[in-house]
Amino acid sequence: MNGYSIEDSHRIQQRAAQYRQRYPQFANWAKGRGVIEHTDLTQVRVFDLCQELVCAGRYDSLDDALIIFEAADTLTNAAMWLVAHMTYASRVDLSGQPLAADDFKENPQGHTGGSLNMVPAYLGYTAANALAGLTRSWLMGQGHCVAAIESVNILLGNLHPEQQARYTLDEVGLSRLVSDFYSYAVTPDGTPGVPLGSHVNPHTAGGLIEGGYLGFAELQYTHMPLPGERLVAFLSDGAFEEQRGSDWASRWWRAEDCGLVTPVMIANGRRIDQRSTIFLQGGTDWFRQHLELNGFYPILIDGRDPAAFIWGIFEAESRLQACSEQVSSGHMTYPVKLPYLIAETVKGYGFYGAGSNAAHGTPLPAIPKFDEISRRHFHESVAQLFMPESRIHRAREVLATHHEDSRPAEKDHPLGCRNVKLQMVPEPVWLQTGELQSPMSAIDAQFVAVVTTNPVLRVRLGNPDELRSNQMNQSLNLLKHRTLAPEPGLAESLHGSVITALNEEAVVSAALGNKGGLNLVVSYEAFAMKMIGALRQEIIFARHQKSLGRPARWLSVPVIATSHLWENGKNEQSHQDPACGEVLMGEMSDTARVVYPADANSAVACLNMCYQTQGQIWAMTVPKAMLPGALDRRQALQLVQDGAIALGGGGDVQLIAVGAYQLQVCQEVAQELTEHGVSCGVVYILEPGRFRDPRDSLEAGHQCDASRGAELFPRDSKLRVFVCHMRPEVLLGICRPLDLGPDRTLAFGYENHGGTLDTSGLLLANKCDSGSIVQAILAKRGSSAADHATL
């Protein structure tokens, strides 16, 4: 199982026996505690690690180091005991007495099996920090296992203020915790009524991502820590089946710009309804071979034992650090084989039903509140996990080395406390009105200026492909594709900052993971839809942080959708899709900034403003073709400030454009209407979300100033005509306050017609050309006049 021969296993048994015989304190620890057992291999590994720490001067003796391991055993049992209560009970009894039927929940909920498996992993991480005297960062991809994190955090007192006040380490506080879990409590204003959720959330001390969208932690962890930082990334074998790219980690990792990463696979063998693909393929032996083929160095550990995780973290970091030093000295070349811990365990180990499909959620055969047999199984299981309160407090004190070691609490680990700002915001090269330039080319030049004037920030440019086609030539020439074997004559480098893979989820995750640096993502608009899950998870988490008064302080990330619907007619209709912006406009507009620049000046104005904000995703739909400048410097800045700008006088018809090509159409329509004697004005909307009915106070604070909005969109307009980049129904729904009703409003946009057409052909196919719009306006005005005459 661990890759050892029979002879090796025999030697390991002999060594463990010798250590137990020679060192009484070691023998006492080796006996285990509760459901925690220590295999001979783990015993040998722990002994060797302790000896290394003693030799390094961290501890005076073996016994001093073992105190940490003993505390880890105690707290692991206690936390697993608490996880079981979180699923099933409405109160706890710290004396260990059985609960009565009325002490159980009517509707137990929880991801019990995975949470039980995560307890020794996360407790091992915290104990490893105490053992080393430093605080690593952590990440958990399986966010539904949050009960493990919360239970350990509460036992250790590693809590944010709202949880610290509510979940005290006594019978009252812990009973409140288990009762709150899946209580579905809600306040009168509709917000959650307790600081506890089904997944990792901003109440979870130290949490980085929700982990509800499985597979994205695997794509991000390599890009997360900066040099000098350390990250332990907990992953699940179920999520192994998700997005491609997790096996490319060694392709991206470089010691020169990355911190130490320790991926840890919790290999419990099961998803919800069946065994995981890893185990259907052949189990951990197959997975070990898979990892070796993909540039990893697999290390098997006992996933039931916190001591195994402690050793594994030290071992993985030591190996990776040694490899880094070898590369630096010229004795090794990239790719480095990244150490990867495979923690073999049983789904739901330590509780009734372990190893079964039922272990995923509620493993007992029935609801213990109503079923005596289930109550008996519950009590038998938690009795093995029970730890006296006094022992828990002593163990907690053992791991509380933060002040002594001058290190932050785990809730304040480095990756969770980012605060990134530009040192310098370079002034763009502004174009004259009417001057031709590709807006993407202007973005390219400005991004290069931002990068070169802020050299301390690590850069990640996410690129699914065709960066040159998307007019990002200067950026590519400067930053270069990151590759292991650069091809002569191409913009490639071993240390390039452009993360290129024909996989939108992988490249956007490189940028989202790099929260300590400067990021940009460029994609075809149609294919940016593949990024939505990753982006939405970030948007939701950042928005919740903001609502708690702990806003995310990473530098906002621009995600540019180009080669878009109206200029991708040379390809078939699959390439013609505005859905990315449409979907993101459904998120809260103060965090998901969806903008449609009109020209080069407004595009660079948006980019600059994005980089002066924090904790936001800017979804920018930007043309790449040569377009005449529509706005001067002042107008571009005003547009970004207000979200919209008036570009012509008022009149009977107000033309509202959203999108660069739509602005051109509106200007043509205005000219034709003037020739027909119809007075009209043109308004350009950059950010539709600034003109919606706000859904809460934070979004209300992001809306365009009311007086400015009234000036831009007077209610006495006789006819308001929207011409938009996206589907018109979506825009009318978002900008509902601007809709004057069916008699005074027309809307034009993408009607799902397309094919191999040029821009003018696409406009015509969707009735968005000037001729179709003028005809519809005149017909509407004629109809209105006839109706008025009839009345």
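Provided above is the structure to which this section pertains.
Residues numbered from 1 in each chain as written. Predicted model: local features only at pLDDT ≥ 70, side-chain atom pairs only at ≥ 80, totals over all residues. Heavy atoms only, no water.

Caption draft 1: Structural detail: the overall build of the protein chain. The helix and strand inventory of the protein chain stands at 29 helices and 20 strands. For the C-alpha atoms alone, the extent of the protein chain along its principal axes is close to 100 × 65 × 45 Å. For the protein chain, the proportion of contacts with a sequence separation of at least 24, taken over those separated by at least 6, is 78%. Taken as a whole, the protein chain presents about 29,700 Å² of accessible surface, with 50% of it coming from carbon and sulfur. (Helix = DSSP H or I, 4+ residues; strand = E, 2+ residues; numbered from the N terminus. Contact = heavy atoms within 4.5 Å. Areas by Shrake-Rupley, 256 points an atom, 1.4 Å probe, with all protein chains shown as cover.)

Caption draft 2: Just the side chain of E344, in detail. Looking at where E344 falls in the secondary structure, it is placed in strand β5 (residues 338–344). Here E344 occupies a buried position and makes no salt bridge, while the nearest side chain of opposite charge, R304, is found at 8.3 Å. (Buried < 20%, exposed > 50% of the residue type's maximum accessible area, 1.4 Å probe, protein only. Lys, Arg positive; Asp, Glu negative; His and termini not counted. Salt bridge = Lys/Arg side-chain N within 4 Å of Asp/Glu carboxyl O.)

Caption draft 3: Examining the state of the cysteines more closely. Within this structure, the stated rule accounts for zero disulfides. As a non-bridged cysteine, C50 has C55 as the owner of its nearest cysteine sulfur, 11 Å distant. The cysteine C724 is free of any disulfide, with C768 supplying the nearest cysteine sulfur at 7.0 Å. (Disulfide = S-S within 2.5 Å.)

Caption draft 4: Region of interest: the sheet that holds strand β20 (residues 745–748). Spatially, β16-β18-β17-β19-β20 is the arrangement adopted by the five strands of the open sheet, whose pairing is mixed. Edge positions in the open sheet fall to β16 (644–646) and β20, since each of these has one partner strand only. Neighbour-to-neighbour, the strand axes of the sheet open up by a mean angle of 20 degrees, direction not taken into account. Alignment of β16 against strand β18 (residues 680–685), held across three bridges, turns out to be antiparallel. Bridge assignment links A644 to a residue of β18, and that residue is I685. (Pairing = 2+ DSSP bridges. Axes fitted to C-alpha atoms, helices over the stretch in contact; angles between N-to-C directions.)

Caption draft 5: Spatial organisation of the environment of Q163. Of note, Q163 is situated in helix α7 (residues 161–166). Sequence separation of Q163 and H203 is 40 residues, and the distance between their C-alpha atoms is 7.3 Å. Residues within four places of Q163 in sequence aside, it is in contact with E150, P195, L196 and H203. Polar side-chain contacts of Q163 include one of 3.3 Å to the side chain of E150. (Polar contact = N/O pair within 3.5 Å; in protein donor to acceptor, adjacent residues only side chain to side chain.)

Caption draft 6: Expanded view of helix α3 (residues 40–55). The end-to-end C-alpha distance of α3, which contains 16 residues, comes to 23 Å, matching closely the 22 Å that a straight helix rising 1.5 Å per residue would cover. Taken as a whole, α3 has its buried residues at L41, T42, Q43, V44, R45, V46, F47, L49, C50 and L53. On the buried face of α3, the contacting elements are α1 (6–22), α2 (24–30), α4 (62–88), α5 (112–132), β4 (296–302) and α13 (306–328). Trailing α3 by a residue or two, G57 shows a phi angle of about 85 degrees, which is positive. (Expected span 1.5 Å × (residues − 1).)

Caption draft 7: Quick peek at the environment of A56. Relative to the helices and strands, A56 resides in the loop between α3 and α4. Owing to a relative accessible area of 64%, A56 belongs among the exposed residues under this scheme. With 427 residues separating them in the primary sequence, A56 and T483 have C-alpha atoms 37 Å apart.

Caption draft 8: Quick look at the packing of helix α6 (residues 146–156) against helix α15 (residues 389–399). Put simply, α6 and α15 touch, their axes get as near as 9 Å, and they point 90 degrees apart. Classed by the angle they form, the pair α6 and α15 counts as roughly perpendicular. The residues of α15 that touch α6, namely those facing I154, L155 and L156, are I392, R396 and L399. (Parallel < 35°, antiparallel > 145°, perpendicular 65-115°, else oblique.)

Caption draft 9: Broad picture of the nonpolar core. F447, L518, L655, V721 and I777 are the most contacted members of the largest nonpolar core, which has 121 residues in total. Take this core: its biggest share by element is eight residues, from helix α24 (residues 660–675). When residues no more than four places from it in sequence are discounted, the contact partners of L655 are C666, V669, A670, C680, G681, V682, V683, V721 and I777. Ranked by size, the runner-up nonpolar core spans 97 residues in total, among them V46, L94, F104 and M118. (Core = buried A, V, L, I, M, F, W, Y, C linked by side-chain atoms within 4.5 Å.)

Caption draft 10: Broad picture of the pairing of β18. Within β18, six of the six residues are buried, leaving the element largely enclosed by the surrounding structure. Of the two faces of β18, the one carrying C680, V682 and Y684 and the one carrying G681, V683 and I685 are both buried. The handedness of the strand β17 (residues 653–658) to β18 crossover, carried by α24, is right-handed. (Right-handed = clockwise from strand over helix to strand, strands pointing away.)

Caption draft 11: Examining unusual backbone geometry more closely. Of the consecutive residues Y334 and P335, the connecting peptide bond is found in the cis state with omega at 5 degrees. Looking at the element boundaries, P335 is found in the loop between α13 and β5. Located in the positive-phi region is S406, a residue other than glycine, with phi close to 55 degrees. Structurally, S406 is set in the loop between α16 (402–405) and β6 (436–437). The exposure class assigned to S406 is exposed, which follows from its relative accessible area of 68%. Although it is not a glycine, N752 sits at a positive phi angle of roughly 65 degrees. Among the structural elements, N752 can be located in the loop between β20 and α28 (759–765). Taking relative accessible area as the criterion, N752 reaches 42% and is therefore assigned partly exposed.

Caption draft 12: Summary view of the packing of aromatic side chains. A full pass over the atoms with the stated rule returns 22 aromatic pairs. On the numbers, 6.0 Å between centres and 70 degrees between planes, the contact of Y182 with Y184 is edge-to-face. Owing to a relative accessible area of 21%, Y182 belongs among the partly exposed residues under this scheme. Between F287 and Y340, the aromatic rings sit 5.7 Å apart at their centres with planes inclined by 75 degrees, giving edge-to-face as the arrangement. Taken together, the residues span a long stretch of sequence, with F287 in helix α12 (residues 283–293) and Y340 in strand β5 at a distance of 53 residues. An aromatic cluster is built from Y19, Y23, F26, W29, F47 and F69, whose rings are joined through pairwise contacts. Its end group placed over the ring of Y334, R254 keeps NZ or CZ at 5.2 Å from the ring centre. (Phe/Tyr/Trp six-rings, centres within 6.5 Å; stacked < 30°, edge-to-face > 60°. Lys NZ or Arg CZ within 6 Å of the ring centre and 35° of its normal.)

Caption draft 13: Structural context of the pattern of salt bridges. Evaluated as defined, the whole model comprises 38 salt bridges. As a salt-bridge pair, R15 and D48 come within 3.0 Å of each other at their nearest N and O atoms. In this pair, R15 is assigned in helix α1 and D48 in helix α3, connecting sequence segments 33 residues apart. Relative accessible area serves as the criterion here: at 31%, R15 is assigned to the partly exposed category. Take D48: its relative accessible area is 27%, and that puts it in the partly exposed class. Among the ionic contacts, a cluster of salt bridges with common partners joins R543, K546, D590 and D696.

Caption draft 14: Summary view of the side chain of T74. Its location among the elements puts T74 in helix α4. Those residues within four positions of T74 in sequence are excluded, and the remaining contacts are R33, M387, R391, I392 and A395.

Caption draft 15: Quick look at the sheet that holds β5. Taken together, the five strands give an open sheet; going across it, the order is β1-β2-β3-β5-β4, and neighbouring strands pair in parallel fashion. In this open sheet, the two strands that pair with only one neighbour each are β1 (137–140) and β4. In this sheet, adjacent strand axes meet at a mean angle of 20 degrees when their direction is disregarded. Sheet analysis places strand β3 (residues 260–267) next to β5, joined by four bridges and oriented parallel. Bridge assignment links I266 to a residue of β5, and that residue is A343.

Caption draft 16: Broad picture of the pairing of strand β13 (residues 592–595). Residue alternation in β13 divides its side chains into two sets, A592 and V594 and R593 and V595, and both sets are buried. Inspection of the sheet shows β13 paired to strand β14 (residues 617–621) by four bridges, in the parallel sense. Of the residues in β14, the one forming a bridge with R593 is W618. Traced from β13 through helix α22 (residues 600–610) to β14, the parallel crossover comes out right-handed.

By themselves these figures say nothing about function.
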